[in-house]
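Below are the chains, spelled out letter by letter.
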Amino acid sequence: MTPEALLANWNGAWGALGVASPGNALCDQLQRRYAEPQRHYHTMQHLGECLAWFEREKALAEHPGEVALALWFHDAIYDVHAHDNEARSADWARQALLEAGAAANAAERVHALVMATRHDAVPQGRDAELLIDIDLSILGAERARFDEYERQVQAEYAFVPDEVRLPRRRAILQRFLDRDAIYATPRMHEQLEARARANLQRSIAG
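Here's what I pulled together on the structure shown here. (Residues numbered from 1 in each chain as written. Predicted model: local features only at pLDDT ≥ 70, side-chain atom pairs only at ≥ 80, totals over all residues. Heavy atoms only, no water.)

A word on the overall build of the chain
As a reminder of what qualifies: Numbering of helices and strands runs from the N terminus, with a helix taken as a DSSP run of H or I at least four residues long and a strand as a DSSP run of E at least two residues long. Between the two quantities, the radius of gyration covers C-alpha atoms and the globule rule is 2.2 Å times the number of residues to the power 0.38. Burial classification: accessible surface area is computed with a 1.4 Å probe over protein chains only, and a residue below 20% of its type maximum counts as buried, one above 50% as exposed, and the rest as partly exposed.
Within the chain, the regular secondary structure consists of 10 helices and 0 strands. Mapped in sequence order, the helices and strands of the chain form the string α-α-α-α-α-α-α-α-α-α. The globule rule puts the C-alpha radius of gyration for 206 residues at 17 Å, and the 17 Å found for the chain is close to it. For the C-alpha atoms alone, the extent of the chain along its principal axes is close to 50 × 35 × 30 Å. By the burial criterion, 46% of the 206 residues in the chain qualify as buried.

As structure tokens, this is what we get:
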């Protein structure tokens, strides 16, 4: 997405919550997070791809502003050595919403949406389904982009020996493949499901 499109999405998300945008400083801070040097996949490229999907599919959301802000914050904290990135990102999102004057229940829903990106359970509810479909859209990307994604994830975890990393990676991908459906929303399922399964099978076969 262009910088102008990113800013429009950012301001529109806050407006949908009925509060004034906290301004460009927080938006810029988040973008700096996504540009950190340890990141190779969880970057502005990933965020931009997610927000582009959101703009196409946002009519499905019950609370579109909350889904958009959950996307902005879902990888805000990304330490490859930590296991609480989603929790810390979710806490930051909730704090930012409350400080901006958003309703407490909206802040809690955004917190829950960010936590759903742990991908440890099938998402429940329309907003969670949309958010997770968007976060997993990379699995159904065209072959060249999926292969680039695989290289990017490998680069983020280059410090892990292959004999440890590769079995863990295959197990993670197999869990998605084992689902009855990877994508819950109709259009993303139609567009991405078959290609995602082909990509996953190819990656697991290695």
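A look at the environment of A128
Within the element layout of this structure, A128 appears in helix 7 (residues 126-135). Among the residues examined, A128 registers a relative accessible area of 9% and is labelled buried.

Regarding unusual backbone geometry
Residues apart from glycine generally show negative phi values, whereas peptide bonds are mostly found in trans. Even without glycine at this site, H119 takes up a positive phi of about 60°. On the basis of relative accessible area, H119 is assigned to the buried category, the value being 17%.

A closer look at the layout of surface pockets
Just so we agree on the cut-off: Using only the protein atoms, space was sampled on a 1 Å grid; points where a 1.4 Å probe fits but cannot get out form cavities, open sets with protein on both sides within 12 Å along at least five of seven lines form pockets, and lining residues are those with an atom within 4 Å of a point. Grid points are joined across faces, edges and corners, and a volume is the space filled by probe spheres set on the points. For this scheme, ten residues count as nonpolar: Ala, Val, Leu, Ile, Met, Phe, Trp, Tyr, Cys and Pro. Four count as charged, namely Asp, Glu, Lys and Arg, and the remainder, Gly too, count as polar.
Put simply, the largest pocket is a space of about 1200 Å³. Along its surface, the largest pocket is lined by 35 residues, and Y78, E86, Y157, R169 and I172 are the ones closest to its centre. Of all the secondary structure elements, the ones that give two or more residues to the lining of the largest pocket are helix 5 (85-100), helix 8 (143-156) and helix 9 (162-177). Top contributing element to the lining of the largest pocket by residue count: helix 9, with 7 residues. Its residues placed into classes, the lining of the largest pocket shows 17 nonpolar, 8 polar and 10 charged.

Section: helix 10 (residues 186-205)
So the rule is basically this: Each residue after the first adds 1.5 Å to the expected span of a helix. Contacts were defined at the residue level, with two residues in contact if any of their heavy atoms lie within 4.5 Å.
In this model, helix 10 (20 residues) spans 28 Å end to end at C-alpha, consistent with the 28 Å of a helix rising 1.5 Å per residue. Within helix 10, burial applies to M188, L192, E193, A196, N199, L200, S203 and I204. Structurally, helix 10 contributes buried residues whose contacts are with helix 3 (44-57), helix 7, helix 8 and helix 9. Following helix 10 by one or two positions, G206 has its phi on the positive side, about 60°.

Side note on the packing of aromatic side chains
To be explicit about the condition: Each Phe, Tyr or Trp ring (for Trp, its six-membered ring) is paired with any other whose centre lies within 6.5 Å, and the angle between the two planes then decides the class: stacked below 30 degrees, edge-to-face above 60, tilted in between. Over a ring means this: the NZ of a Lys or the CZ of an Arg is within 6 Å of the ring centre and within 35 degrees of the ring normal.
For the coordinates displayed, the defined rule picks out 6 aromatic pairs. Ring plane angle 75° and centroid distance 5.6 Å describe the contact between W10 and W14, whose orientation is recorded as edge-to-face. Placement of the pair is W10 and W14 together in helix 1 (residues 3-16), with a separation of 4 residues, close to one helical turn. The class of W10 is buried, set by a relative accessible area of 0%. A network of ring pairs unites the aromatic residues W10, W14 and W72 as a single cluster. Residue placement shows R39 over the ring face of Y34; its charged tip is 5.0 Å from the ring centre.

Examining the side chain of E57
Secondary-structure assignment places E57 in helix 3. Those residues in contact with E57 that sit more than four places away from it in its chain are L130, R187 and M188.

Observations regarding the pattern of salt bridges
Our working definition: Within this document, salt bridges are pairs made up of a side-chain nitrogen of Lys or Arg and a carboxyl oxygen of Asp or Glu, the two lying within 4 Å of each other.
The final tally for this structure, using the stated rule, is 17 salt bridges. Note that E36 and R33 form a salt bridge whose closest N and O atoms lie 3.8 Å from each other. For R33, a relative accessible area of 29% corresponds to the partly exposed category. R118 is the partner of D120 in a salt bridge, and the nearest nitrogen-oxygen pair spans 3.7 Å. Put simply, R33, E36 and R39 are held in one network by salt bridges that share partners.

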